[in-house]
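Observations on chain architecture
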Amino acid sequence: MGILDGKRILVAGVTMESSIGFATARVAQEQGAEVLISNFGRALGITRRIAKRLPTEPPVLELDVTDQSHLDSLAEQVREHVDGLDGVVHSIAYGNPATLLGGKFLSGPWEDVAQAVQVSAYSLKSLAVAARPLMGAGGSLVGLTFDATTAWPAYDWMGVAKAGLESTSRYLARDLGPDGIRCNLVSAGPLKTLAAKAIPGFEDLESAWKERAPLGWDETDHTPTARAVVALLSDFFPATTGEIVHVDGGFHAMGL
Ligand code: NAP
């Protein structure tokens, strides 16, 4: 018996085996879910190859969260495989590392900031609206953030985008709650993924975590984060929405 037995889950944002979305898809399958995954553009081929490494090979959908035609056809694409969804995972972010991250806060151009906010924050709303017709019986949306309540070294405009994501999640909780749809985020500590490697200076965050997280922190272990996402997708948080669950070894609760 798994905690997602009988649930149909879309995990959006799986590129590599190192993607948090991949670990989430794996744990969701282990817990009994029927999983679909998605990615976009040139990386779709990689996602199709990587999908074979999951316990059960899932269907791979094409979804660029900035492309309205993809969002409009999401329900149709999903219905080719399952007749609805019980949960959707938003594991998506992008900010141009050359112009927005690694000490570029004061010079980051608006066009790139706008793209980062659209892909990393606004898209949670876009995905929720696209998936809503598939969640007739209610459901659970879960996204991934990196604690946006403070300023970090290197994270720069992605921190602003994450603040937008956190607020977007609360407004979705407000507007979709009456339909029985919950919306929550998992705030993960630094994990070694493709997106993280692109952030110049990300290793400073990793070493701070090693020093200060009371439970310790392994930046190569995505399973604790994936398990929290899966718990929020399950029926074990039926009265929780607009919440941010920290999976960071306790780092956020420490002063020094
Ligand atoms: P990742 O493997 O690079 O995943 C990010 C995903 O977003 C990729 O699959 C990427 O696709 C996809 N994406 C980018 N633009 C998109 C678009 N327009 N439409 C659809 N998908 C798009 O990195 P990750 O670290 O697992 O990131 C997953 C989530 O966790 C992100 O929200 C990230 O901010 C968050 N998070 C990460 C950490 C960390 O330390 N790694 C910590 C806290 C939170 P392509 O690869 O094809 O560009």
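Up top is the structure these notes are about.
Now for a quick tour of the structure.

Let us now look at the overall build of the protein. Counting its secondary structure elements, the protein contains ten helices and seven strands. Since a compact globule built from 256 residues should have a radius of gyration of about 18 Å, the 17 Å found for the protein is in line with a globular shape. For the protein, the C-alpha atoms occupy an extent of roughly 45 × 40 × 40 Å along the three principal directions. Here the protein holds 256 residues, and 54% of them are scored as buried. In the protein, of all internal contacts separated by at least 6 residues, the share reaching a separation of at least 24 is 77%. Element-wise, carbon and sulfur atoms account for 54% of the exposed surface of the protein, whose accessible area totals about 11,600 Å². Looking at charge distribution, the protein has the averaged site of its 21 positive side-chain charges lying 1 Å from that of its 30 negative ones.

A few words now on the sheet that holds strand β3 (residues 60-62). Read across the sheet, seven strands follow the order β3-β2-β1-β4-β5-β6-β7 without closing on themselves; strand pairing throughout is parallel. Pairing within the sheet leaves two strands with one partner each, and these edge strands are β3 and β7 (244-247). The sheet shows a mean angle of 20° between the axes of neighbouring strands, direction not considered. For strand β1 (residues 8-12) and strand β2 (residues 34-39), the ladder comprises five bridges, and the chain directions are parallel. When the bridges of β2 are listed, Leu10 appears paired with Leu36. This element, helix α1 (residues 20-30), spans β1, β2, β4 (87-90) and β5 (139-145) of the sheet and lies at about 165° to β2. In this fold helix α10 (residues 223-233) packs onto β1, β4, β5, β6 (181-188) and β7, with an angle of close to 165° to the strand it touches most, β6.

Attention now moves to the packing of helix α6 (residues 110-131) against helix α7 (residues 156-176). A pair of packed helices can be characterised by two numbers: the angle between their axes and the separation between those axes. The geometry of α6 relative to α7 is characterised by a closest axis approach of 9 Å and an angle of 20° between their N-to-C directions. The angle between the axes of α6 and α7 places the two elements in the roughly parallel class. The two elements α6 and α7 cross, and the hand of that crossing is right-handed. Contacts between α6 and α7 involve Val113, Ala116, Val117, Ser120, Ala121, Leu124, Lys125 and Ala128 from the first element and Trp157, Met158, Ala161, Gly164, Leu165, Thr168, Ser169, Leu172 and Leu176 from the second. A breakdown of the residues in the contact of α6 with α7 according to their chemical character gives twelve nonpolar, four polar and one charged.

Moving on, we get to the packing of α1 against α10. At a closest axis distance of 8 Å, the pairing of α1 and α10 adopts a crossing angle of 60°. The angle between α1 and α10 places the two elements in the oblique class. Regarding α1 and α10, the two cross each other, and that crossing is right-handed. Of α10, the residues touching α1 (which contributes Ile20, Ala23, Thr24, Arg26, Val27 and Ala28) are Thr223, Thr225, Ala226, Arg227, Val229 and Val230. Its residues assigned to classes, the contact of α1 with α10 comprises seven nonpolar, three polar and two charged.

In this structure, Ala154 takes a positive phi of about 70° despite not being glycine. Mapped onto the secondary structure, Ala154 falls in the loop between β5 and α7.

This part covers the nonpolar core. Counting residues in hydrophobic clusters, the biggest one holds 50 residues, and the most contacted among them are Val11, Ile37 and Val186. With sequence-adjacent residues up to four places away left out, Ile37 is seen in contact with Leu10, Val11, Val14, Ala25, Thr47, Ala51, Pro58, Pro59, Val60 and Leu61.

What follows deals with the packing of aromatic side chains. How two aromatic rings sit relative to each other is given by the distance of their centres and the angle of their planes. Applying the stated criterion to the full structure yields seven aromatic pairs. On the basis of an interplanar angle of 45° and a centroid distance of 5.9 Å, the ring pair of Trp152 and Phe251 is categorised as tilted. In this pair, Trp152 is assigned in the loop between β5 and α7 and Phe251 in the segment after β7, connecting sequence segments 99 residues apart. Comparing Trp152 with Phe251, the two get one shared label, buried. Ring centres of Trp209 and Phe251 lie 3.7 Å apart, and the angle between their planes is 10°; this geometry places the pair in the stacked category.

Rules used throughout
- Residues numbered from 1 in each chain as written.
- Predicted model: local features only at pLDDT ≥ 70, side-chain atom pairs only at ≥ 80, totals over all residues.
- Heavy atoms only, no water.
- Helix = DSSP H or I, 4+ residues; strand = E, 2+ residues; numbered from the N terminus.
- Rg over C-alpha atoms; globule rule 2.2 N^0.38 Å.
- Buried < 20%, exposed > 50% of the residue type's maximum accessible area, 1.4 Å probe, protein only.
- Contact = heavy atoms within 4.5 Å.
- Areas by Shrake-Rupley, 256 points an atom, 1.4 Å probe, with all protein chains shown as cover.
- Lys, Arg positive; Asp, Glu negative; His and termini not counted.
- Charge placed at Lys NZ, Arg CZ, Asp CG, Glu CD.
- Pairing = 2+ DSSP bridges.
- Axes fitted to C-alpha atoms, helices over the stretch in contact; angles between N-to-C directions.
- Parallel < 35°, antiparallel > 145°, perpendicular 65-115°, else oblique.
- Left-handed = near helix turned anticlockwise from the far one by under 90°.
- Nonpolar A, V, L, I, M, F, W, Y, C, P; charged D, E, K, R; others polar.
- Core = buried A, V, L, I, M, F, W, Y, C linked by side-chain atoms within 4.5 Å.
- Phe/Tyr/Trp six-rings, centres within 6.5 Å; stacked < 30°, edge-to-face > 60°.

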